[in-house]
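In case you want the letters, here they are:
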Protein chains: 2
Amino acid sequence: MSRKPNLKDVAKVAGVSAITVSRVLTDPTKVSDKLRNKVEQAVRETGYIRNHAASALASSRSGVIAVIIPSLSNIVFNEVLQGIYQTARPNNLQVVLGDCHYSPLEEEKLIATLLGQSPEGIILTGAAQTDYARKLLERADIPVVQLMELTDQPIDMNIGFSHFHAGYDMTKHLLQRGYRTPGFIGARMDPRTQQRLAGFRQALADWPQPCQSFVQTTTQPSSARLGGQLLQALIAESAGKCDAVFCCNDDLALGALFEAQKMNLAVPGDIAICGFNDLESSSLVNPSITSVASARFDMGKQAVEMLLAAAGKPRKSIAPIDVGYQIIARRST
Amino acid sequence: MSRKPNLKDVAKVAGVSAITVSRVLTDPTKVSDKLRNKVEQAVRETGYIRNHAASALASSRSGVIAVIIPSLSNIVFNEVLQGIYQTARPNNLQVVLGDCHYSPLEEEKLIATLLGQSPEGIILTGAAQTDYARKLLERADIPVVQLMELTDQPIDMNIGFSHFHAGYDMTKHLLQRGYRTPGFIGARMDPRTQQRLAGFRQALADWPQPCQSFVQTTTQPSSARLGGQLLQALIAESAGKCDAVFCCNDDLALGALFEAQKMNLAVPGDIAICGFNDLESSSLVNPSITSVASARFDMGKQAVEMLLAAAGKPRKSIAPIDVGYQIIARRST
DNA sequence: ACGAAAAATGATTGCGCAACCATTTTGACT
DNA sequence: AGTCAAAATGGTTGCGCAATCATTTTTCGT
């Protein structure tokens, strides 16, 4: 066999019809043991691999799910992806992944491209899709899961947690620990970061006594290095009065901590630091960093399970699933 | 239009033939401005998205490349992936990604599955593929790139650097700085980690004076937490004589550093620490950690470019590409 | 041992698109 | 205006598979 073998070639080797080979590959229980063995051997012998395009075209089932994340470099989405991949594999689903770089327009283009794969379902991050993207998704008539945050107007299904409430609670935590002039540093300023900041502001507004607060943000991508820079900017802005920093994520928090050490600022003595996402390092550094934990792996897993459960059925509106979060108080506050 | 529109539907709306619509989508220069505008509007109006399966079947071009990495949780592969995705997108290539969990058998199954997508090329991590996997890849007759490490017997193309030499050079660096009883801690113990360890041992063997050395390894997945545990094991094994630790990667190194701080060991005074991969944090912690930098993003980028360059042409054996590495000496040694 | 039902197997057809070749239209030149 | 080449457009067909329906074989009860 020089060229790539197809069903017929395998059938000839096994001495059966093409459709029997097809059945062995899709549902072996439908074929007698005798033929099945012959076919399986012929498959191994020829190194046959089913042509996905032809299979998808004939059956109108692609065995693919589409996933769009805003960034490949943010480790947070990695954990979600792990949950997605680990759940997809045993269900014989291929994942086609796109990175939209936090841009709704890029996301729209990706959605258009990925829908061409006739995915059985699609998982999106956040709820900031363009109108045309929403139109395409509705037209596609496949299950859609919006992940990470909660929204009032989901396209279809939704699972996540409230970044506003998490930001609110974390700020309250700082206030309860006695910090009265807190700052917020934020990078990227994507919708979820903005919700955290909104939570920060609301918590301050709700606090019985008025507090002075400081905010330093940038739309640059987040990184530990940037955390150090933003900390400096915050200290400069507040003329050193700032006594606690709420970092919009743990990368910034780690960078801020390392920078504070370089400036000989005691943490939390001179300045408290807290982050968001509860990365592994946050629990290991000295001092360990207070953060917000959420079930990222689980969200990915559940998203795939939701797609599987919804596949084929008509859309029935399911209430958004709130997976919650947890403030992990540590020595840095 | 209730059901999903196909080429014919769009053609009818635009008042042209189906094949003209197809041409507008694949090569707009082949169609006159007048018709192109009509068609493009009809596409927008109907929300038409080309059926990838049918397109791939008819043209025998899938526009897909397959990528297999050993782990989604290891941030190192993320950077490679970024290079891959960023290069694939402008070339209209979809990436289908698989995670083989460092298992050649899982990798074999993944290869079989992914080849079913008729990818235009495939990118693999390392050079430990099974015989059957190699057979499948040769049968598939598509460009293959083996990434990250160098091998004498590449399946097709190969780009990476020598982990043995990097491990060797890093160990020499420790010896040159005066450390005489170095230890090595390693997790996962995948082929590349083993090559680094082999480099460590060879450098010690080549050193003029005999040195005592210590090794602590585990096949558990790598993590910062594990780095702390392995440091403790190493110190116990060496009864505190160990004066430097070569960590097989920066996650372990960071964990080891944090653990040393908790044990009140001065770094590098009581014990030097170095890592591998040069993650961002390694340059920011106090003291900053000596590490091995490599062009991960670039490797991913180049791998895709190599696939593109090789597409369609018969395989001509190309010499493995060595992207090299760099020892970044910092305060921890 | 016979017939009916169930299980196993096979033949035909169409999924939606692009390759291929045929036809029509346009444009350049005499 | 007439001719011819080039550009633009369209019709037909097959890619490889699985759905559907048709046929054959097996199984089981009596």
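Residues numbered from 1 in each chain as written. Chains lettered and ligands numbered in written order. Predicted model: local features only at pLDDT ≥ 70, side-chain atom pairs only at ≥ 80, totals over all residues. Heavy atoms only, no water.

A. Spatial organisation of the overall build of chain A. Tallying secondary structure elements over chain A gives 13 helices and 12 strands in all. Relative to the globule expectation of 20 Å for 333 residues, the C-alpha radius of gyration of chain A, 25 Å, shows a markedly less compact shape. Along the three orthogonal principal directions, the C-alpha set of chain A runs to about 85 × 40 × 30 Å. Taking all 333 residues of chain A together, the buried fraction comes to 56%. Total accessible area on chain A stands at roughly 13900 Å², and carbon and sulfur atoms take up 49% of it. For chain A, the distance from the average position of its 34 positive side-chain charges to the average position of its 31 negative side-chain charges is 8 Å. (Helix = DSSP H or I, 4+ residues; strand = E, 2+ residues; numbered from the N terminus. Rg over C-alpha atoms; globule rule 2.2 N^0.38 Å. Buried < 20%, exposed > 50% of the residue type's maximum accessible area, 1.4 Å probe, protein only. Areas by Shrake-Rupley, 256 points an atom, 1.4 Å probe, with all protein chains shown as cover. Lys, Arg positive; Asp, Glu negative; His and termini not counted. Charge placed at Lys NZ, Arg CZ, Asp CG, Glu CD.)

B. Inspection of the domain arrangement of chain A at higher detail. Residue and element names in this part refer to chain A. Here chain A is described as being made up of domain 1 (7-50), domain 2 (62-161 + 296-323) and domain 3 (163-293). The contact between domain 2 and domain 3 buries some 950 Å² in all, and 55% of this surface belongs to carbon and sulfur atoms. When the buried surface of domain 2 facing domain 3 is broken down by residue, Tyr102, Glu149 and Phe161 rank first, second and third, together holding 52% of it. Our count for the contact surface shared by domain 2 and domain 3 stands at 1 salt bridge. As a salt-bridge pair, Arg192 and Glu149 come within 2.7 Å of each other at their nearest N and O atoms. (Domains from an automatic or database assignment. Buried area = accessible area lost by both parts, 1.4 Å probe. Salt bridge = Lys/Arg side-chain N within 4 Å of Asp/Glu carboxyl O.)

C. Highlighting the side chain of Thr171 of chain B. Residues and elements named next belong to chain B. Take Thr171: it is sitting in helix α8 (residues 163-176). A relative accessible area of 1% places Thr171 in the buried class. Discounting chain neighbours no more than four positions away, the residues touching Thr171 are Gly199, Phe200, Ala203, Leu204 and Phe246. (Contact = heavy atoms within 4.5 Å.)

D. Spatial organisation of the pairing of strand β8 (residues 244-247) of chain A. All names here are of chain A. The alternating pattern of β8 places Ala244 and Phe246 on one face and Val245 and Cys247 on the opposite face, and all of these are buried. Examined bridge by bridge, β8 and strand β9 (residues 272-274) share 3 bridges and lie parallel to one another. For Val245, the partnering residue across the bridge sits in β9 and is Ile273. What joins β8 to β9 is helix α11 (residues 250-262), and the crossover it makes is right-handed. (Pairing = 2+ DSSP bridges. Right-handed = clockwise from strand over helix to strand, strands pointing away.)

E. Structural detail: the relation of the copies chain B and chain A. Structural alignment of chain B on chain A gives an RMSD of 0.0 Å, achieved by rotating through 180° and translating 0.0 Å along the axis. On the angle and the small slide along the axis, the relation comes out as a two-fold axis. The rotation axis passes nearest to the C-alpha of Ala53 of chain B in chain B, at a distance of 2.2 Å. By residue overlap, the copies meet face to face through one surface: 100% of the interface positions of chain B are interface positions in chain A. (Least-squares fit on C-alpha atoms with pLDDT ≥ 70 in both.)

F. Quick peek at helix α7 (residues 131-140) of chain A. Residues and elements named next belong to chain A. Every buried residue of α7 is listed here: Ala133, Leu136, Leu137 and Ala140. For α7, the arc enclosing every buried residue in end-on projection is 100°, short of the 170-degree limit, so these residues lie on one face. Positive backbone phi, at 55°, marks Asp141, one or two positions downstream of α7. (Arc of directions from axis to C-beta.)

G. Region of the structure containing the interface of chain B and chain A. In this assembly, 53 residues from chain B lie in contact with 53 residues from chain A. Both sides of the chain B and chain A interface together cover about 4900 Å² of buried area, and 53% of this is carbon and sulfur. Inspection of the chain B/chain A interface yields 2 salt bridges. Residues Arg89 of chain A and Glu106 of chain B are paired through a salt bridge, measuring 3.2 Å at the closest nitrogen-oxygen approach. Between the two partners, chain B and chain A, sit 27 residue pairs in polar contact (both at pLDDT 80 or more). Considering each element in turn, the side of chain B that touches chain A owes the most residues, 6 residues, to helix α6 (residues 104-115) of chain B. Looking at the side of chain B that touches chain A residue by residue, the class counts come to 24 nonpolar, 18 polar and 11 charged. (Polar contact = N/O pair within 3.5 Å; in protein donor to acceptor, adjacent residues only side chain to side chain. Nonpolar A, V, L, I, M, F, W, Y, C, P; charged D, E, K, R; others polar.)

H. Just the packing of aromatic side chains, in detail. All names here are of chain A. Applying the stated criterion across every chain, the model contains 12 aromatic pairs over all chains. With a centroid separation of 5.3 Å and 70° between ring planes, the pair formed by Phe184 and Phe246 is classed as edge-to-face. Taken together, the positions of Phe184 in strand β6 (residues 182-186) and Phe246 in strand β8 put the pair 62 residues apart, joining distant regions of the chain. With respect to class, Phe184 is no different from Phe246; both count as buried. Arg196 extends its terminal NZ or CZ atom over the ring of Phe276, reaching a point 3.7 Å from the ring centre. (Phe/Tyr/Trp six-rings, centres within 6.5 Å; stacked < 30°, edge-to-face > 60°. Lys NZ or Arg CZ within 6 Å of the ring centre and 35° of its normal.)

I. View of the pattern of salt bridges. All names here are of chain B. Enumeration according to the criterion identifies 16 salt bridges over all chains in this entry. Residues Glu79 and Arg296 are paired through a salt bridge, measuring 3.1 Å at the closest nitrogen-oxygen approach. Residue Glu79 is located in helix α5 (residues 75-88), and its partner Arg296 is located in helix α13 (residues 296-310); the two are separated by 217 residues in the primary sequence.

J. Broad picture of the sheet that holds β9 of chain A. All names here are of chain A. Taken in spatial order, the 4 strands make up an open sheet running β7-β6-β8-β9, and their pairing is parallel. For this open sheet the edge positions go to β7 (214-217) and β9, each flanked by a neighbour on one side alone. Each strand axis lies, on average, 15° off the axis of its neighbour in the sheet, ignoring direction. Here helix α8 (residues 163-176) sits on the sheet and contacts β8 and β9; the angle it forms with β8, its principal contact strand, is near 165°. On top of the sheet, helix α9 (residues 191-206) reaches β6, β7 and β8; it is set at about 170° to β6, its chief contact. (Axes fitted to C-alpha atoms, helices over the stretch in contact; angles between N-to-C directions.)

K. Structural detail: unusual backbone geometry. The peptide bond linking Val267 of chain A to Pro268 of chain A adopts the cis configuration, its omega dihedral lying at 5°. Counting through the fold element by element, Pro268 of chain A comes out in the loop between α11 and β9. The phi dihedral of Asp141 of chain A is positive, around 55°, even though this residue is not glycine. Note that Asp141 of chain A resides in the loop between α7 and β4 (144-149). Positioned with a positive phi, Met189 of chain B is a non-glycine residue whose angle comes to about 55°. Mapped onto the fold, Met189 of chain B is located in the loop between β6 (182-186) and α9 (191-206).

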